[in-house]
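Topology and contacts: notes
Letter by letter, the chains look like this.
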Amino acid sequence: MAKYIALRLGQSIFVLFGLSLLIFFIARVVPGDPARVALGNLATEEQVQKLRAEMHLDRPFAVQYYYWLKSMLRGDLGKSLYTQRPVTTDLRQYIPATLELILFATLISLVFGQVTGVLAGYFRNSWFDNLSRLASYLGVATPSFVVAILLLFIFSQLLKLAPSVGRLPLMVKAPPTVTGFMIIDSLLAGRPDLTLLALKHLVLPAFSLAVIHIAQEGRITRSSLIENVQKDYIIAHEVHGIRPTKLVFKYLLKPSIIPTVTVMGLDFAFLMSNAFLVELVFFWPGFARYAVNAMLSKDLNAIVAVVLVIGVTFALVNLVVDTIITFLDPAIRIQRRGG
Amino acid sequence: MIAEHGVRIWAALARRRRGLAKGWYKYSRNSLSVLGLVVLVLIGLTAGLAPYIAPYPEHAAAYTNFREAGLPPSKDHLFGTDRVGRDVLSRVIFGYRFSLLLGIVVLSLAVPSGVVLGLLGGYYNGTWIEVLIMRITDVFLAVPPLVLAMSIAAMLTPNLFNAMIAISLSWWPWYCRLVYSVTASLRNQFFVREAELTGASRMHILFKEILPNCFGPIMTKVTLDMGIAILMGASLSFIGLGAQPPTPDLGTMLADGAKRLPSEWWSTIFPALAIVMVILAFNLVGDGLRDVFAVEEV
């Protein structure tokens, strides 16, 4: 197992190195002078030349990459041209908000997806099953920003059930930042009222992200439940008179959850990219919105950093998912031990 | 000699027709796939004939008429008008043109390059060519495709054409992986070995012997991906990294309309439904094709 993880880590590092080279290459070959973009049209030619020298833009590509890699390994990703602060400072400020959103969305989609799947599998071909099938077709075809706009329109603007944008109401002072997670920070500050407000703000964006996954996970769980229900060991348990609830939760759900976990890595990729759109709709002050602003203002250092952070997270999530599956599925565990 | 040739062509055509009939039989068993196909044909016709169908073709460009701005749906404007007085229905019809164009351009760039690289990688399995191609593929797959496309589109100048390039660049690896796995599994089959032994050229082996076996999975994926490529294009222009105003792109229209919610809901809701409809149609057709080809492969 340790050998497998070490191998996977090695591969990830290689791929991430390649990714940094790729994105750095694209950032440098595109037309336009990053130094000029950074300083704006009012700067004199001398100022631009000075910045070019500082950013090593006057040197060959390989030398530029070497300098960038050297400072990156020291934890320095350069200065954001958009916020005029070190990129790492920006990232530290914005990542927790997105993480809170994505984790909450994952939680929602896991819970609702499993419930939907179990119900649809149990009441097969009922109206509920058909409704969830329709929802999964629509879910795949609906861009997350459309979901976000529709939810915002219906629940916030028409029915006035949920607040519209941001993490807290404008007039409310945020609790001091400790973890960056609004829910945890407000509890640490001893303000459960703020926790409730933060949760209310979190619900709509999180559901915008989760809807697609609820529909899909529901379908996956349903089909693997139906597949497993016909297996001999289930029939044997049934004959022995084990209670249906115990049968479902102990003997059916565990093997049926494996396919759901398998797609979690891919799901995370979807959540991450869809967060870009959902944060935009809900003015969520997170990493993805920061990234979009960096992209719109052609902030090269920030773009490179954003892509790398996502690459690293993606690699880690995939590794964790694969490890979890190994623990869940005895067949894969034995196969990997042998290999 | 000529007669014999003619008979052979005739027989081949008859065989192909039987194959098509069989495929259509399998496809049409799923009524949703048929519905998807009908919707898709309608959308295609609408997009193709946009200048003749759209009630106000001139509204697809930078047209303003503030006296008619923000009108709700009515007999004159079925989908209402947007904030500068343009007919939303006309813009949606033209929007389909750009969506389909984006899907077609992206796939005709990404599919051939991915397929050729996948063929090479699979055929030269175990050599440095495979290692080189597949490791580069891994690098492109290291971030979600939408994120990669957004970053590339941002670094180039944001417009519709660059959005197409950016999406293609993040799209080919999926085809490379698909064709690679099929090719690698066929690499040591007898028909490939035999072709090698009889001295067939590399080109012949790759494109005439191996490639036809990848046709089914590629076709299915292409149809499903048309929907996803359109979705990505709309996402990019929604963010502002794709088509720029006044191009009547469905994504830009949504971004523009969302600012006017909830009062002028029609300038958002109708383009949103239009996006969902085209993607849904491609997905349904793709599902149908999967049924056709999956049975064929066994």
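Look a little higher up for the structure.
To keep things clear, this report deals only with the structure shown in the data block. Owing to the predicted nature of the structure, the values given are computational and were not obtained by experimental measurement.

Below, the discussion takes up the environment of A:Gly218. Looking at the secondary structure, you find A:Gly218 in helix 9 (residues 192–229). For the pair A:Gly218 and A:Gly121, spaced 97 residues apart in sequence, the C-alpha separation works out to 9.0 Å.

With that settled, the discussion passes to the packing of aromatic side chains. The tally for this structure, following the rule as stated, stands at 17 aromatic pairs over all chains. Where A:Tyr94 meets A:Tyr290, the ring centres are 5.1 Å apart and the plane angle is 15°; that geometry is what we call stacked. Pair noted here: A:Tyr94 is in helix 5 (residues 87–122) and A:Tyr290 is in helix 13 (residues 287–296), with a separation of 196 residues, a long-range link. Note on accessibility: A:Tyr94 and A:Tyr290 belong to one class, buried. Taking 4.4 Å as the distance between ring centres and 15° as the angle between the ring planes, the aromatic pair formed by A:Phe145 and B:Phe238 counts as stacked. Of the two residues, A:Phe145 sits in helix 7 (residues 144–158) while B:Phe238 sits in helix 10 (residues 202–239), which places them in two different chains. Classification of A:Phe145 by relative accessible area gives buried; the value is 0%. Put simply, the rings of A:Phe17, A:Phe24, A:Phe25, A:Phe61, A:Tyr65 and A:Trp68 pair up and form one aromatic cluster. Over the aromatic face of B:Tyr123 sits the side chain of B:Arg187, whose NZ or CZ is 4.2 Å from the ring centroid.

So, on to the interface of chain B and chain A. In this assembly, 41 residues from chain B lie in contact with 37 residues from chain A. Together chain B and chain A conceal approximately 3500 Å² of surface at their shared face, both sides included; 86% is due to carbon and sulfur atoms. Taken together, the links from chain B to chain A amount to zero salt bridges. There are one residue pair in polar contact (both at pLDDT 80 or more) connecting chain B and chain A. Among the elements of the structure, helix 5 (128–140), helix 6 (145–155), helix 10, helix 11 (250–258) and helix 12 (266–297) of chain B are those that each provide at least two residues to the side of chain B that touches chain A. For the side of chain B that touches chain A, the per-class residue count stands at 32 nonpolar, six polar and three charged.

Attention now moves to the environment of A:Phe14. All names here are of chain A. Tracing the backbone shows Phe14 in helix 1 (residues 2–29). We classify Phe14 as partly exposed; its relative accessible area is 45%. Considering only alpha carbons, one finds Phe14 and His240, 226 residues apart in sequence, at a separation of 53 Å.

What follows is about the layout of surface pockets. A water-sized probe, rolled over the atoms, reveals where empty space remains. Residues and elements named next belong to chain B. The calculated volume of the second largest pocket comes to roughly 710 Å³. No other element matches the six residues that helix 11 contributes to the lining of the second largest pocket. Taken together, the residues of the lining of the second largest pocket sort by class into 19 nonpolar, nine polar and eight charged.

Residue and element names in this part refer to chain B. Evaluated as defined, the whole model comprises one cavity of 30 Å³ or more. The calculated volume of the largest cavity comes to roughly 60 Å³. In terms of lining, the largest cavity is formed by Phe98, Ser99, Leu102, Leu160, Ile230, Gly233, Ala234, Ser237, Asp249, Leu250 and Gly251. Every element with two or more residues in the lining of the largest cavity is listed here: helix 4 (88–123), helix 10 and helix 11. The biggest single contributor to the lining of the largest cavity is helix 10, with four residues. Here the residues of the lining of the largest cavity are counted per class, giving six nonpolar, four polar and one charged.

All names here are of chain A. Here helix 10 (residues 232–239) crosses helix 11 (residues 244–262) at 175°, and the two axes come no closer than 11 Å. Comparing the axis directions of helix 10 and helix 11 gives the class roughly antiparallel. Residues Tyr233, Ile234, His237 and Glu238 of helix 10 pack against Leu247, Tyr251, Leu252 and Pro255 of helix 11. For the contact of helix 10 with helix 11, the class distribution of residues is six nonpolar, one polar and one charged.

Cut-off values and rules
Residues numbered from 1 in each chain as written. Chains lettered and ligands numbered in written order. Predicted model: local features only at pLDDT ≥ 70, side-chain atom pairs only at ≥ 80, totals over all residues. Heavy atoms only, no water. Helix = DSSP H or I, 4+ residues; strand = E, 2+ residues; numbered from the N terminus. Phe/Tyr/Trp six-rings, centres within 6.5 Å; stacked < 30°, edge-to-face > 60°. Buried < 20%, exposed > 50% of the residue type's maximum accessible area, 1.4 Å probe, protein only. Lys NZ or Arg CZ within 6 Å of the ring centre and 35° of its normal. Contact = heavy atoms within 4.5 Å. Buried area = accessible area lost by both parts, 1.4 Å probe. Salt bridge = Lys/Arg side-chain N within 4 Å of Asp/Glu carboxyl O. Polar contact = N/O pair within 3.5 Å; in protein donor to acceptor, adjacent residues only side chain to side chain. Nonpolar A, V, L, I, M, F, W, Y, C, P; charged D, E, K, R; others polar. 1 Å grid on protein atoms, 1.4 Å probe; cavity = no way out; pocket = protein on both sides within 12 Å on 5 of 7 lines; lining within 4 Å. Points joined across faces, edges and corners; volume = space filled by probe spheres on them. Axes fitted to C-alpha atoms, helices over the stretch in contact; angles between N-to-C directions. Parallel < 35°, antiparallel > 145°, perpendicular 65-115°, else oblique.

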